[in-house]
Amino acid sequence: MFPLPHVIFSTILSIILYPFIGSNVIIVWSASIFIDIDHYFWYIINNKSWNFYQAYTKHKNQELRKPYKFHIFHLVELLILIGLLGFYNKIFFYIFIGMLFHYILDWIDMYRHPDMIKGRTWSLIMYFKRKWST
Ligand SMILES: [Zn+2]
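A quick note: this is a predicted structure, and the numbers were derived from the prediction, not measured. (Residues numbered from 1 in each chain as written. Predicted model: local features only at pLDDT ≥ 70, side-chain atom pairs only at ≥ 80, totals over all residues. Heavy atoms only, no water.)

A. Here's a closer look at the side chain of Ser32. As for its placement among the helices and strands, Ser32 is situated in helix α2 (residues 25–34). Here the side chain of Ser32 touches Ser10 through a polar contact of 2.6 Å, side chain to side chain. Setting aside chain neighbours within four positions, we find Ser32 in contact with His6, Ser10, Gly98, Phe101 and His102. (Helix = DSSP H or I, 4+ residues; strand = E, 2+ residues; numbered from the N terminus. Polar contact = N/O pair within 3.5 Å; in protein donor to acceptor, adjacent residues only side chain to side chain. Contact = heavy atoms within 4.5 Å.)

B. Expanded view of the coordination of the zinc ion. Looking at the metal site, the zinc ion is ligated by Asp36 (OD), His74 (NE2), His102 (NE2) and Asp106 (OD), spaced 2.0 to 2.4 Å from it. Coordination at the zinc ion is irregular: its four donor atoms span angles of 83 to 176° at the metal. Mapping the donors of the zinc ion onto the primary sequence gives the spacing D-x37-H-x27-H-x3-D. Residue Asp36 is located in the loop between α2 and α3 (37–47), and its partner His102 is located in helix α6 (residues 90–112); the two are separated by 66 residues in the primary sequence. Since its relative accessible area comes to 15%, Asp36 is described here as buried. (Donors = N, O, S within 2.8 Å, 3.2 Å for Na, K, Ca; no water. Tetrahedral: all angles 85-135°; square planar, octahedral: opposite > 155°, others 65-115°. Buried < 20%, exposed > 50% of the residue type's maximum accessible area, 1.4 Å probe, protein only.)

So, to be careful, I would describe these as geometric facts and stop short of saying anything about function.
And the structure:
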């Protein structure tokens, strides 16, 4: 999913949550949007280029259709870890809410575009299983 729908839906979620968690919605909103920075990290590593505009354009034009891209902030294990840390610290709990919302939006997007499912690695375990079996 591209950044604009994430911004729009995360803003709507933040408006809904504001009466309950106050200014902590900034954490939820930020976590829900900025975890996509891992797309740029992946681009830097795989294309040996820091050109942000080019990375965005290539993502937008779907020129980077490699299977099972490794996006570090889109791993279920990381979501679980942040969720567990959320039991001990409220900030992690709000980050967890934002990340979970982001994941849900991405999953809805993949449901709408099934060809994208193989485009990303969603689990560290699956990543290493694939890497070691080839
Ligand atoms: Zn995403």
